[in-house]
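One-letter residues, chain by chain:
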Amino acid sequence: MAVTEVKTYVCSDGATFTDKWTADKHEQELNDAAFAKMHGNVSTKAAKWLRTSYSGQRLREKHSLSEEGTWRIRGEDPNCDMGGHHYQPELGTVEGKLLDVVEHAVNLSGFYTWGGGGDISKVFIKKV
């Protein structure tokens, strides 16, 4: 008879898994859902971009999700390697509350190409 060792991974909600990848994925889903709940009616898609992407994290550091303004939306650079030309396609400029803008942006065709998502920046229009 042989003894078999089984590793168990326990997530914050008490769910248990025998492989780390599945446990990590479950924990990320819990974090996305908690973020979405904390910020009102934000979708988990928008919550995930805000919480895990570099652009989303920087945007939250600079602006409140309830901030009103004019926002520039650019898609993700489709060239994910270091060779060739790089650009972020213009997807539009919109007005509104940042949270609503994020919801709109993550659902635009071209915002995602290989997984990281595009970016959103506040636009200041100078009247002359």
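Before reading on, note that the structure itself is shown above.
Residues numbered from 1 in each chain as written. Predicted model: local features only at pLDDT ≥ 70, side-chain atom pairs only at ≥ 80, totals over all residues. Heavy atoms only, no water.

**Digging into the nonpolar core**
- Judged by nonpolar contacts, the single largest core of 19 residues is most densely connected at Trp49, Leu50, Leu59, Leu98, Val102, Phe111 and Ile120.
- Elements that contribute at least two residues to this core include exactly helix 1 (20-38), helix 2 (44-52), strand 3 (68-74) and helix 4 (98-106).
- When residues of this core are assigned to their parent elements, the largest contribution, six residues, is made by helix 4.
- Residue contacts for Leu50: discarding those within four places in its chain leaves Phe35, Gly56, Gln57, Arg60, Leu65, Leu99 and Val102. (Core = buried A, V, L, I, M, F, W, Y, C linked by side-chain atoms within 4.5 Å. Buried < 20%, exposed > 50% of the residue type's maximum accessible area, 1.4 Å probe, protein only. Helix = DSSP H or I, 4+ residues; strand = E, 2+ residues; numbered from the N terminus. Contact = heavy atoms within 4.5 Å.)

**Remarks on the pattern of salt bridges**
- Using the criterion set out here, one finds six salt bridges in the structure.
- Put simply, Glu61 and Arg58 hold a salt bridge, and the shortest N to O gap is 2.8 Å. Of this pair, Glu61 and Arg58 are both found in helix 3 (residues 54-62), three residues apart, which corresponds to roughly one turn of the helix.
- The residue Arg74 makes a salt bridge to Asp119 at a minimum N-O spacing of 2.9 Å. On the criterion of sequence distance, the pair formed by Arg74 in strand 3 and Asp119 in strand 5 (residues 119-123) is long-range, its members being 45 residues apart. (Salt bridge = Lys/Arg side-chain N within 4 Å of Asp/Glu carboxyl O.)

**Observations regarding the pairing of strand 3**
- In the sheet, strand 3 pairs with strand 4 (residues 90-97) via seven bridges, with the strands oriented antiparallel. Paired with Glu68 across the bridge in strand 4 is Lys97.
- For strand 3 and strand 5, the ladder comprises five bridges, and the chain directions are antiparallel. Across the sheet, Trp71 pairs through a bridge with Lys122, a residue of strand 5. (Pairing = 2+ DSSP bridges.)

**Some words on the layout of surface pockets**
- In this model, the largest pocket occupies a volume close to 160 Å³.
- As for the largest pocket, its lining consists of Tyr54, Ser55, Arg58, Leu59, Lys62, His63, Asp119, Ile120, Ser121 and Lys122.
- Residue assignment for the lining of the largest pocket shows that the elements contributing at least two residues are helix 3 and strand 5.
- When residues of the lining of the largest pocket are assigned to their parent elements, the largest contribution, five residues, is made by helix 3.
- Across the lining of the largest pocket, the residue classes break down as three nonpolar, three polar and four charged. (1 Å grid on protein atoms, 1.4 Å probe; cavity = no way out; pocket = protein on both sides within 12 Å on 5 of 7 lines; lining within 4 Å. Points joined across faces, edges and corners; volume = space filled by probe spheres on them. Nonpolar A, V, L, I, M, F, W, Y, C, P; charged D, E, K, R; others polar.)

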